[in-house]
Amino acid sequence: MQLTSQIPLDEVDNIVDSYDADKQYLIQILQDITSEYNYLPEQCLRRVSKRLDVPLSEVLEVATFYKAFSLKPRGKHLIHVCLGTACHVRGVPQILDRIERTLNIKAGQTSDDLMFTLETVNCVGACALGPVIVIDGQYHGQMTQTKVTKLLEKYTSARRGKDETDKS
Amino acid sequence: MKLTSPEELEQLRTSILDAIDPDKLSITICSGTGCLACGCEALVRAFEKELKEKEIDKKVDIKTTGCHGFCERGPITVIRPKGIFYQKVEPEDVEEIISKTIISNRIVERLLYVDPATGKQITYEKDVPFYALQTRLILGSNGFINPENMDDYFAIGGYSALSRALFQMKPEQVITEVINSKLRGRGGGGFPTGWKWDSCRSAESEDGTRYVICNADEGDPGAYMDRSVLEGNPHSILEGMTIGAYAVGSNIGFIYVRNEYPLAVKNVNAAISRARSYGLLGQNILGSGFDFDIEVSRGGGAFVCGESTALMASLEGRVGRPRAKYVHTVQKGLHDKPSNLNNVETWANVPLIINKGAQWYSKIGTEGSKGTKIFSLVGKINNTGLVEVPMGMTLREIIYDIGGGIPGNKEFKAVQTGGPSGGCIPEHLMDLPVDFDELTKVGSMMGSGGMIVMDEDTCMVDVARYFLSFLKDESCGKCIPCTEGIKRMLEILDSICKGQGKEGDIEFLEEISQSIMNSALCALGTTAPNPVLSTIKYFRDEYEAHIRDKTCSAGVCKDLFEYFIDDELCTGCGRCRKECPTNAISGDKKEPHNIDMKECMKCGACFSLCRFNAVRKGSVEGVRS
Amino acid sequence: MINLVIDDKRIESQEDLTILQAAKQNGIDIPTLCHHDALEPYGACRLCTVEVITKKRRRFVTACNYIVRDNMEINTTLPELTALRKMILELLLAKCPDIEIIKSMAKSYDIDKPRFKLENKECILCGLCVRVCKEIIGASAIGVVERGADAKIDTPFHLSSDICTGCGACAAICPTGMIQLRYTNDEVEIQPFNTIVKLRRCASCGSGLASEAFVSSVGKKLGDLSTLALLCNDCKKERKSLALAKSTNYAARTYDQNPIHRAKRKT
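Residues numbered from 1 in each chain as written. Chains lettered and ligands numbered in written order. Predicted model: local features only at pLDDT ≥ 70, side-chain atom pairs only at ≥ 80, totals over all residues. Heavy atoms only, no water.

Some details on the overall build of chain B
Helix and strand counts for chain B stand at 25 helices and 19 strands. Against the compact-globule benchmark of 25 Å for 625 residues, chain B has a radius of gyration of 26 Å, which places it among compact chains. Taken across its 625 residues, chain B has 62% of its residues classed as buried. Long-range pairs, those at least 24 residues apart, make up 70% of the contacts in chain B between residues at least 6 apart in sequence. (Helix = DSSP H or I, 4+ residues; strand = E, 2+ residues; numbered from the N terminus. Rg over C-alpha atoms; globule rule 2.2 N^0.38 Å. Buried < 20%, exposed > 50% of the residue type's maximum accessible area, 1.4 Å probe, protein only. Contact = heavy atoms within 4.5 Å.)

In structure tokens form, the structure reads like this:
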């Protein structure tokens, strides 16, 4: 993990410049910074505040209001569990439970080893496939507790560097 | 190649249509988000590979389209021009489809849809009851357009409405036409669109700036209609917005898309670039002298930004906190200028109305609600997907005739409409026509079009709790009735669902609800009590059973039921024992198994995987005795 | 002038007033909590909700930001309004049970014990501190972070603010008293904002002046007269009277000769 003092801010300047340093694009700018850095480092927010001439407190208001942003570094793998109504009635709360137990983190948290960030999202619009979870932008539908355990194992065993194939 | 006159547009259209070989085979593959999630990309690659191998890739087209709507049956492949309908297609099926259908003109029967009502196989798309019973004025185009190919949109008449409006109608005439169509907003508010346009046009603007905005922040969980229109037919929105901009006198438009729809953002942005290159957006559109351009803005992940003032605050780079609407946004909206905001589906209806006329349009639907409405029919339903029906069709027809009823022959319990602002409609009201006013009369609302079907295994108290939990998470936090009121209502519902409910809780919920409805700052707050009030109204007995008997008969609230294994049905296969995360299940092979209630954490894994339905739910008292 | 009826009382009012202003001018009190006459209306507490009847319809609106119109009928006390005010205060009392202003407002509506589980927060999220810092002081040192029930007011990253002027406007305007200023010799500490602001000292007598930030911003605005920003009021007065005396040939006492200051220094 980079120390905040080491984060290069040229990219922040480029992003701000691409929006002509116009403060009405603050949210887009923060989104682009998130794509670049995987979260919103403090240094970046300070730079944005300066360049856009928006008080830092207001930049923070925006950065903490919207769910797309995180002030803390996020994990390598982003798991989004759909909590839409259709997925809810198809039993997604139990899927979420299982993921939380397997990874030992609660929704909204990142695992200590920075491998996984688990978040809930309110409907990804793939209701026919409910319950749905999205990992790194890949949709996985018709989840069951068994399936999700196997799916997570693929990511955790890859990390361990072992070439274990699932025998089941 | 900029089109600089209506004549040039029509010439282009004619040349595109002339170039189409009506007999050329086209493999149309649904690539909406749902089918993408089912792996249709691999399907596309498989088709491309196979066609090349058979050396017929020049003779057969592959067209990837937006969502066809029959999501339950995806991945969907339609072989045109005949319209042969294949469902649940896998890459492994591609070889057979090519060799049989494409080359030898035969049907792959196992991929056909079987109508459960008749048991018959259906060959053609138009005969599939799911589609046949709909009126797919808007969604129907999705199956014929590759959203990345403008020629497809021209081929189905795209931009003819814009051409007509710009060159044959004055702005005021456009507004009159929309007023006469009686189109009402499709985002949930149901406000007459034409009148909104009229107010925006007449609103004062010092420097003449006016904005048109498309609300694509579709936040109602379970609703994805707007997403499918944006992904599958983005030009229809651009055309609608341009017509609207011309009508109200705006030169700048915004499409605000929620953050969770990356494909929609991509497709709309690409469509805008293409439209610009054709001179259909930007300066001097079609040589008319009218300038209009559109910018796409992504949301940051906040349901409240679907509310118009919060959306506009977000467009200004600020937090999405609503403000009082005592001065309407048509008067003072984005940057304090007159702003006309409409939902995606509302905009999509505009080219239709201009092309076919208000009279034609107002013949569809009911007295108070004209046109069609797209619903996302999801939840405990056989035919999950998007359905477009004329206003006035009954819930029963939608859920049973089009939706195919409840899976597993379970009993229907309720249908939830209107998202977190709506309510649940029980069985005895199923013959209600779907109509803005009718739905409101029974304590629900049309909302954006989410239609969540619930069955006997759904706990209605849990549904109310679910919606409150959703709203608590999404509340902006500014006003006390919503922020604190919803939080406390949720506390009461949590305790009811945990078996700690008390006499008087229902009345207390009603009391808090009334105060919130009378005092909250925005519609998120004022409508938040609706799911609670409508479930109390129609399912009070479930609340009472939770409170008095500490029982959840649907078997959802973990503390109010127990799992047990029926030893008459259990075969002792041991699958549940292996999967149980707390090792609460014991039993010898081929012997009936047992669940230790003390260890059981109610995760439900055993219940969902038992092939013999031996794992059952019972009341706490009943099972323990 | 336009005509209104408030609580069955016929009233004449200027246009462009809010219902709250028009009511106040006519001796009608509407309860508020997040409102302050010096700031833009905020509409967060909803206590000032009243009923408005125009020829079209009847609605509930907040009096603090609803502009009056000719022939409007307004009711400020109805059973539904009392009920919602009671509910709002009950909710607030459950959140902040030890805050005096909430306790007393709730009591005036006969609410002693809320029917909700008690928390022990201090901030009622009226937003007055944020708003005064932004609208009047122009510093925007604090803001509302997070959203919903988790919303709280803080400096960026909860770090000591480097743009706070130490003016104490936030503490002065806070209705709950939870914002506290603590002065030491050199500094003023503002809690709960974790902020310490260094104080400048008077260039002449050395007594505490104001924060560095404040002094330098005033100094900037005074331009050529910026040195005046570096003196406390008494020293400024002394300098002025010395200058006056010089120009009029009257003798003037210096600071030290003034018996009041001599007495002060003895203590």
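Right, picking up where we left off after that structure.
Regarding the domain arrangement of chain B
Residues and elements named next belong to chain B. By domain assignment, chain B separates into domain 1 (23-129), domain 2 (150-361), domain 3 (372-455), domain 4 (460-549) and domain 5 (558-624). A separation of 29 Å is found between the C-alpha centroids of domain 1 and domain 3. Each side of the interface is counted separately: domain 1 has 6 residues, and domain 3 has 6 residues. Note on domain 1 versus domain 3: buried area summed over both sides is about 480 Å², and carbon and sulfur give 48% of it. Here domain 1 and domain 3 share 0 salt bridges between them. Across the domain 1-domain 3 interface, the total number found is 3 residue pairs in polar contact (both at pLDDT 80 or more). Partitioned by chemical class, the residues of the side of domain 1 that touches domain 3 number 4 nonpolar, 1 polar and 1 charged. (Domains from an automatic or database assignment. Buried area = accessible area lost by both parts, 1.4 Å probe. Salt bridge = Lys/Arg side-chain N within 4 Å of Asp/Glu carboxyl O. Polar contact = N/O pair within 3.5 Å; in protein donor to acceptor, adjacent residues only side chain to side chain. Nonpolar A, V, L, I, M, F, W, Y, C, P; charged D, E, K, R; others polar.)

Remarks on the nonpolar core
Ranked by internal contacts, the top residues of the largest apolar core, which has 143 residues, are Phe154(B), Tyr159(B), Ile237(B) and Ile255(B). Broken down by element, this core gets its largest block of residues, 8 residues, from helix H11 (residues 234-248) of chain B. Excluding residues within four positions of it along the chain, Tyr159(B) makes contact with Leu9(B), Arg13(B), Met150(B), Tyr153(B), Phe154(B), His235(B), Leu238(B), Glu239(B), Ala275(B) and Leu280(B). Core analysis: the second largest hydrophobic core is formed by 110 residues, Leu9(A), Val319(B), Leu493(B) and Ile496(B) among them. (Core = buried A, V, L, I, M, F, W, Y, C linked by side-chain atoms within 4.5 Å.)

Describing the packing of aromatic side chains
Using the criterion set out here, one finds 25 aromatic pairs over all chains in the structure. Ring geometry for Tyr326(B) against Tyr66(C): centres 4.7 Å apart, planes inclined by 70 degrees, an arrangement best described as edge-to-face. Note that Tyr326(B) is positioned in the loop between helix H13 (308-315) and strand E10 (339-343) and Tyr66(C) in the loop between strand E4 (58-62) and strand E5 (72-75), a pairing that runs across two chains. No difference in accessibility class separates Tyr326(B) from Tyr66(C), as the two residues are buried. A connected cluster of aromatic rings, assembled from ring pairs, spans Phe70(B), Phe85(B), Tyr113(B), Phe130(B) and Tyr131(B). A cation sits over an aromatic face here: Lys617(B) above Phe561(B), 5.4 Å from the ring centre. Between Lys617(B) and the ring centre of Phe607(B), over which it is positioned, the NZ or CZ distance is 4.5 Å. (Phe/Tyr/Trp six-rings, centres within 6.5 Å; stacked < 30°, edge-to-face > 60°. Lys NZ or Arg CZ within 6 Å of the ring centre and 35° of its normal.)

So, empty space enclosed by the protein
All names here are of chain C. Per the counting criterion, the structure on display carries 8 cavities of 30 Å³ or more. The computed volume of the largest cavity comes to approximately 150 Å³. Together, 17 residues line the largest cavity, and Cys133, Ala141, Ile142, Cys164 and Cys170 are the ones closest to its centre. When its residues are assigned to classes, the lining of the largest cavity shows 12 nonpolar, 5 polar and no charged. (1 Å grid on protein atoms, 1.4 Å probe; cavity = no way out; pocket = protein on both sides within 12 Å on 5 of 7 lines; lining within 4 Å. Points joined across faces, edges and corners; volume = space filled by probe spheres on them.)

So, the interface of chain B and chain C
It is common to report an interface's size as the accessible area lost on association of the parts. The partner chain C presents 31 residues to the 29 residues of chain B that form the contact. Considering only the surface of chain B that becomes buried against chain C, Tyr326(B), Ile480(B) and Arg488(B) emerge as the three largest contributors, covering 28% of it. Our enumeration of links across chain B and chain C arrives at 4 salt bridges. The salt bridge involving Glu511(B) is made with Arg115(C); its shortest N-O contact spans 2.8 Å. Joining chain B to chain C, the criterion identifies 13 residue pairs in polar contact (both at pLDDT 80 or more). Elements with a contribution of two residues or more to the side of chain B that touches chain C: helix H18 (460-474), helix H19 (480-497) and helix H20 (505-519) of chain B. Its residues assigned to classes, the side of chain B that touches chain C comprises 11 nonpolar, 8 polar and 10 charged.

Observations concerning the interface of chain B and chain A
Contacts between the two partners involve 62 residues from chain B and, on the opposite side, 37 residues from chain A. Summed over both partners, the interface of chain B with chain A comes to about 3,800 Å²; 51% of that surface belongs to carbon and sulfur atoms. Taken together, the links from chain B to chain A amount to 3 salt bridges. Asp473(B) is paired through a salt bridge with Lys67(A); the nearest N and O atoms lie 3.4 Å apart. Applying the counting criterion to the chain B and chain A interface returns 27 residue pairs in polar contact (both at pLDDT 80 or more). Put simply, the parts of the chain that give the side of chain B that touches chain A at least two residues each are helix H2 (33-37), strand E9 (293-298), H13, strand E11 (372-379), strand E15 (450-455), H18 and helix H24 (605-609) of chain B. Among the elements that take part in the side of chain B that touches chain A, H18(B) stands out by supplying 7 residues, more than any other.

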